[in-house]
Amino acid sequence: MLETTIAEIGPPDPVAMTAARDLQARLTKPAGSLGALEELSVRLAGLAGVCPPPLPEPAAVAIFAGDHGVHAQRVTPWPQEVTAQMIGNFLAGGAVVNAFARQAGASVTVVDVGVAAPLPFPAADATSADATSADATSADAAPADSAPGPTGTTVAPPRVLDANVRRGTRDMTVTAALTRDETRAAVETGIRVAGELIDAGAGVLLTGDMGIANTTPAAALVAAFTGVDPEAATGRGTGVDDETYRRKVGVVRTALQRHRPDPADPLGVLAAVGGLEHAALAGLLLGAAARRVPVLLDGVIAVSAALAAAALAPDAVGAMVAGHRSAEPGATVALRHLGLDPLVDLGLRLGEGTGALLALPVVTGAVRVLHEVATFDAAGVSEK
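Source: prediction; values computed, not measured.

**Q** I keep staring at the overall build of the protein chain and nothing clicks. Help me out?
**A** In terms of regular secondary structure, the protein chain is built from 15 helices and nine strands. Against the globule reference of 21 Å for 384 residues, the protein chain gives a C-alpha radius of gyration of 20 Å, in line with a compact fold. Projected onto its principal axes, the C-alpha positions of the protein chain cover 70 × 45 × 40 Å. Residue pairs in contact within the protein chain that sit at least 24 positions apart in sequence constitute 78% of those at least 6 positions apart. When the accessible area of the protein chain is evaluated, it comes to approximately 14,600 Å², of which 53% is carbon and sulfur surface. Within the protein chain, one finds 27 positive and 40 negative side-chain charges whose respective centroids are separated by 6 Å.

This is the structure:
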């Protein structure tokens, strides 16, 4: 599946991009007056291969959840049990991502790709036909009521899919976090989820993540793929104190020195120092790129996964839109490496998909301009 998906990823369509630039120049506004939105609309036209590109709706958030053996190195004060507990909160509609998703009319799908503890509520098998149905949500989790979509449609309540590859990664300071087979399985899970969401009608995917201690492997991935020093890639995650931060930087440095991951071997890098949610997010990005559907990246977990996806298929970057700039320093390093400019910068560091959701109206607006704004000729407005 992985090799087939990579083979289907192609470069942007230059004809559609030229058409979008020409259309932007004829719209009733000064040339360049919409700033970054104009080039974003051009990029999305190139991805879709048509001008104007389809409106990026409906939106689907995919939250990949996993736990991490490196938690044993005391890189965070939060207990590992919080990962599974937060999944229950997602399903009950009580998390920040749920509030933002209701505002945006986006669906929320949680994928257990590597949670350490078995979830205390039923989940649909991500490989089954039922994986795209709304009744994959746990009744015991008291899901929130359905929310209206942006065009008056009804968005299904949050749901959880069971795609657990293993019960958390190994401690990357001791051994490789994952085997290559486990890494591939997680990547291919992300590819399948992307396909299921797109087949169910999603016009844009948004990345989400949940995993206590997952900013530590994210920092290791950023350092491995970009070559920066671990300190430049490592942030404070959930707001750790100075002592924990210094230990966290040391843990990342130790893992990289132990494994010497080669960025020319992306699966090997993910296996050595990554997480199951990072690998699955990389797969989601590849799956969307193969289908030429845009993906809004959230924070440092998503952009560290994007580095792996770009290393596997450089043209996959054409499907990526940087939703926001995370407060985690590794996010800025990764975005620079990918050549992506974030749409908003609000100092966020929550994860879950929250920053991507806040950026969604910006992306929709960029495309809507090409659909709805009149040209000078059509409006009878004199040009400069």
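**Q** Would you take a moment to explain the pairing of strand E1 (residues 59-66) for this structure?
**A** The side chains of a regular strand alternate between the sheet's two faces. Most of E1 sits out of view: eight of its eight residues are buried. Covered by surrounding structure in E1 are Ala59, Val61, Ile63 and Ala65 together with Ala60, Ala62, Phe64 and Gly66, the residues of both alternating faces. Here E1 runs beside strand E7 (residues 204-210); their pairing, made up of seven bridges, is parallel. By the bridge assignment for E7, Ala62 is matched with Thr207. Across seven bridges, the pairing between E1 and strand E2 (residues 107-114) is parallel. What sits directly across from Gly66, in E2, is Gly114.

**Q** Got a minute to help me understand the environment of Val228 in this structure?
**A** Along the polypeptide, Val228 turns up in the loop between helix H7 (215-226) and helix H8 (230-233). Placed 102 residues apart in sequence, Val228 and Gly330 show a C-alpha to C-alpha distance of 9.3 Å. Not counting the four nearest positions on each side in its chain, Val228 is found in contact with Ala223, Ala233 and Val333.

**Q** Honestly, the packing of aromatic side chains in this entry has me stumped. Any pointers?
**A** Ring pairs (aromatic) are described by centroid distance and by the angle formed between their planes. The tally for this structure, following the rule as stated, stands at zero aromatic pairs. Seen from the ring of Tyr245, Arg236 lies directly overhead, with NZ or CZ sitting 4.8 Å from the centre.

**Q** How should I be thinking about the nonpolar core in this particular structure?
**A** Where a protein is soluble and globular, its nonpolar side chains tend to be buried together. Phe64, Leu205, Val273, Leu284, Leu286 and Met320 are the most contacted members of the largest nonpolar core, which has 81 residues in total. The contacts of Leu286, once residues within four sequence positions are left out, are Leu2, Thr5, Ile9, Val187, Ala309, Leu312, Ala313 and Ala316. By size, the runner-up hydrophobic cluster in this structure holds 36 residues, among which are Leu91, Val160, Ile212 and Ala366.

**Q** What's the story with the pattern of salt bridges in this structure? I'm lost.
**A** Close approach of charged atoms allows side chains of opposite charge to pair. Evaluated as defined, the whole model comprises 15 salt bridges. Of the charged contacts, one joins Arg368 and Glu57 as a salt bridge, the two residues approaching to 3.7 Å between their closest N and O atoms. Taken together, the positions of Arg368 in helix H14 (residues 354-372) and Glu57 in the loop between helix H3 (36-48) and E1 put the pair 311 residues apart, joining distant regions of the chain. In this structure Arg368 comes out as partly exposed when scored by relative accessible area, which is 29%. With relative accessibility at 23%, the residue Glu57 sits in the partly exposed group. Between Glu182 and Arg166 there is a salt bridge; the shortest N-O distance is 3.5 Å. Separated by 16 residues along the polypeptide, Glu182 in helix H6 (residues 180-199) and Arg166 in the loop between strand E6 (159-162) and H6 bring together distant segments of the chain.

**Q** Would you mind going over the side chain of Thr215 with me for this structure?
**A** Here Thr215 is to be found in helix H7. For Thr215, a relative accessible area of 18% translates into the label buried. Within polar-contact distance, the side chain of Thr215 engages the side chain of Lys248 at 2.7 Å. Setting aside its immediate chain neighbours within four residues, Thr215 contacts Gly237, Lys248, Val300, Ile301 and Glu328.

**Q** I keep staring at the pairing of E6 and nothing clicks. Help me out?
**A** In this structure, E2 lies alongside E6, joined through four bridges in parallel fashion. Each residue of the ladder has a partner; that of Thr109, found in E6, is Arg159. Relative to E6, strand E3 (residues 124-125) is paired through two bridges, and the arrangement is parallel. Pairing of Asp125 across the sheet is with Asp162, part of E6.

Parameters at a glance
- Residues numbered from 1 in each chain as written.
- Predicted model: local features only at pLDDT ≥ 70, side-chain atom pairs only at ≥ 80, totals over all residues.
- Heavy atoms only, no water.
- Helix = DSSP H or I, 4+ residues; strand = E, 2+ residues; numbered from the N terminus.
- Rg over C-alpha atoms; globule rule 2.2 N^0.38 Å.
- Contact = heavy atoms within 4.5 Å.
- Areas by Shrake-Rupley, 256 points an atom, 1.4 Å probe, with all protein chains shown as cover.
- Lys, Arg positive; Asp, Glu negative; His and termini not counted.
- Charge placed at Lys NZ, Arg CZ, Asp CG, Glu CD.
- Buried < 20%, exposed > 50% of the residue type's maximum accessible area, 1.4 Å probe, protein only.
- Pairing = 2+ DSSP bridges.
- Phe/Tyr/Trp six-rings, centres within 6.5 Å; stacked < 30°, edge-to-face > 60°.
- Lys NZ or Arg CZ within 6 Å of the ring centre and 35° of its normal.
- Core = buried A, V, L, I, M, F, W, Y, C linked by side-chain atoms within 4.5 Å.
- Salt bridge = Lys/Arg side-chain N within 4 Å of Asp/Glu carboxyl O.
- Polar contact = N/O pair within 3.5 Å; in protein donor to acceptor, adjacent residues only side chain to side chain.

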